[in-house]
Amino acid sequence: MIENSVNDGDDVVGSASLQRGGRQKVHVIACGAIAREILAVARMNGLDHIELTCLPAIWHATPEKIAPGVEQAIAEARAAGAARVFVAYADCGTGGLLDVILAREGVERLSGPHCYSFFSGNDAFAAREDDVTTFFLTDFLARQFEAFVIEPLGLDRHPELRDIYFGNYEKLVYLSQQEDPELQVKAREAAARLGLAYEYRFTGYGDLEHELKALAGRKTGD
C-alpha cells in the first residue's frame, strides 16, 4: 500500500511502502524528482518489496546537498533496521562525491551520470554525439518547469538573462517517460520560452526499470 506522504513525485520528502510478497525489503533512497517513476515501475512489475524514501527534488538545483543528504538518509534507514539499501540517484552533478560515500557505506546506486542518461538508456545516451548543445526535460521537469528551471535561474525576475544561460544551446529535448499530450504541450512551450528548437523522444523508464527489477533477484550482501 502506498502511503500518502509521497505526493506523486513532485517536490517531496517522505516515504512509501509497497506490501511485500515474501521477498526481503529493499530500502530505496531516491531523488524526489523520480518518485512517481519509481512507484510506477514498482506497480507495473510487482516490486512489492520496495520501501521508498524521497529526498527533496529541488536538490536538482543544488547538487552539493545530495551526497551529505544521502549519507544521512542511509544512516537513518539502517538505524530503523533496513538490511538492504539502494540509492536511486545517478551522479547527478555531485562530481563523484556521492560515489565516495556509497563506496564507504557499501551501497549501490543507479548507473549513469544523470536521469537524462538512465531514462534514455545509458549506452544509448553515451552513443549520441548531437546532445552537447541540448537542454533536456523529463516528465518531472516538464511538469515543474517554472519551479525547477525558471525560478532557480531567476528568469521570472530577469528574463533578459535567458540568452546568457541558454545562448549556447540549440534545442530542447523532451525525454518522455509517459506519453502525455498535456506534458508535450508544456515541454513545447518551455522550448519556445527558452528560444530553442523542440524535439520529443519517448524513452519510457529506460535503465531505471531494468535496475529496479534487478534488485528483486539480489540477496543481502550481493
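Everything that follows concerns the structure shown earlier in this document.
Because the structure is predicted, anything quoted here is derived from the model rather than measured.

K.L.:
Quick question: what am I supposed to make of helix α9 (residues 181-194) here?
P.N.:
In an α-helix there are 3.6 residues to a turn, and that puts residues three or four apart on one side. Here α9 is 14 residues long and its end C-alpha atoms lie 20 Å apart, about the 20 Å a rise of 1.5 Å per residue gives. Residues of α9 that are buried include every one of Leu-183, Ala-187, Ala-190, Ala-191 and Leu-194, and no others. For α9, the angular spread of buried residues about the axis comes to 100 degrees, placing them on one side. In this structure, α9 carries Pro-181, Glu-182, Arg-188, Glu-189 and Ala-192 as exposed residues pointing more than 90 degrees from its buried face. Taken together, the buried residues of α9 touch β6 (134-137), α6 (139-143), α7 (145-150), α8 (162-166), β7 (171-176) and β8 (197-202). Between the side-chain oxygen of the N-cap and the backbone nitrogen of Glu-182 there are 2.9 Å, and the N-cap of α9 in question is Asp-180. Looking at the residues trailing α9, positive phi occurs at Gly-195, about 70 degrees.

K.L.:
Please clarify how the nonpolar core should be interpreted in this entry.
P.N.:
In this structure, Val-28, Ile-34, Val-70, Tyr-89, Leu-137, Leu-172 and Leu-194 are the most contacted members of the largest nonpolar core, which totals 67 residues. Ranked by the residues each element gives to this core, the list is headed by helix α1 (residues 35-45), at 6 residues. In this structure Leu-137 touches Ala-142, Phe-145, Leu-172, Val-173, Tyr-174, Leu-175, Ala-187 and Ala-190, once residues within four positions along its chain are discounted.

K.L.:
I tried to follow the layout of surface pockets on my own but got confused; where do I start?
P.N.:
Its boundaries defined by the atoms lining it, the largest pocket holds a volume of some 510 Å³. Lining the largest pocket we find 28 residues, and of these His-60, Ala-61, Cys-115, Tyr-116 and Leu-141 sit closest to its centre. Among the secondary structure elements, those contributing two or more residues to the lining of the largest pocket are α4 (115-120), α6, α7 and α8. Residue contributions to the lining of the largest pocket peak at 3 residues, all from α4. Grouping the constituent residues of the lining of the largest pocket by class yields 24 nonpolar, 4 polar and no charged.

K.L.:
Explanation requested: the packing of helix α2 (residues 66-79) against helix α3 (residues 97-105) in the structure shown.
P.N.:
How two helices pack is summed up by the angle between their axes together with the distance between the axes. At their nearest, the axes of α2 and α3 sit 9 Å apart, and the two run at 25 degrees to each other. As judged from the angle between their axes, α2 and α3 are roughly parallel. Viewed along their axes, α2 and α3 form a crossing whose handedness is right-handed. Contacts from Ala-67, Pro-68, Val-70, Glu-71, Ile-74 and Arg-78 of α2 reach α3 at Leu-97, Leu-98, Ile-101, Leu-102, Arg-104 and Glu-105. The residue makeup of the contact of α2 with α3, split by class, is 8 nonpolar, no polar and 4 charged.

Parameters and conventions
- Residue numbers run consecutively from 1 along every chain, following the written order of its sequence.
- Under the rules for a predicted model, residues below a pLDDT of 70 receive no local features and side-chain atom pairs below 80 are neither given nor counted, while totals for whole chains, interfaces and linings still include all residues.
- As a convention, hydrogens and water are excluded, and side-chain values are obtained from all of the structure's heavy atoms.
- Only DSSP runs of H or I covering at least 4 residues are called helices, and only runs of E covering at least 2 are called strands; the numbering of each starts at the N terminus.
- Given a helix with a known number of residues, its expected span is that number minus one, times 1.5 Å.
- Type-normalised accessible area, obtained with a 1.4 Å probe on protein chains alone, sets the label of each residue: buried when under 20%, exposed when over 50%, and partly exposed for intermediate values.
- By arc we mean the arc of the directions from the helix axis to the C-beta atoms, nothing more.
- Contact definition: two residues touch when any of their heavy atoms are within 4.5 Å.
- Counted as a polar contact is a pair of N or O atoms within 3.5 Å, where, for protein atoms, one must be capable of donating a hydrogen and the other of accepting one, and residues adjacent in sequence contribute only when both atoms are in side chains.
- The definition of a nonpolar core used throughout is a set of buried Ala, Val, Leu, Ile, Met, Phe, Trp, Tyr and Cys residues joined through side-chain atoms within 4.5 Å.
- In this analysis a 1.4 Å probe is tested at points of a 1 Å grid over the protein atoms alone, and where it fits but cannot get out there is a cavity; an open set with protein on both sides within 12 Å along at least five of seven lines is a pocket; lining residues have an atom within 4 Å of a point.
- Grid points are joined across faces, edges and corners, and a volume is the space filled by probe spheres set on the points.
- Residues are grouped as follows: nonpolar covers Ala, Val, Leu, Ile, Met, Phe, Trp, Tyr, Cys and Pro; charged covers Asp, Glu, Lys and Arg; every other residue, Gly included, is treated as polar.
- Angles shown run from 0 to 180 degrees and are taken between the N-to-C directions of axes, each axis being a line fitted to C-alpha atoms and, for helices, limited to the stretch in contact.
- Roughly parallel means an angle under 35 degrees; roughly antiparallel means over 145; roughly perpendicular covers 65 to 115; every other angle is labelled oblique.
- Take the far helix as the reference: if the near one is turned anticlockwise from it by less than a right angle, the crossing is left-handed, and if turned clockwise, right-handed.

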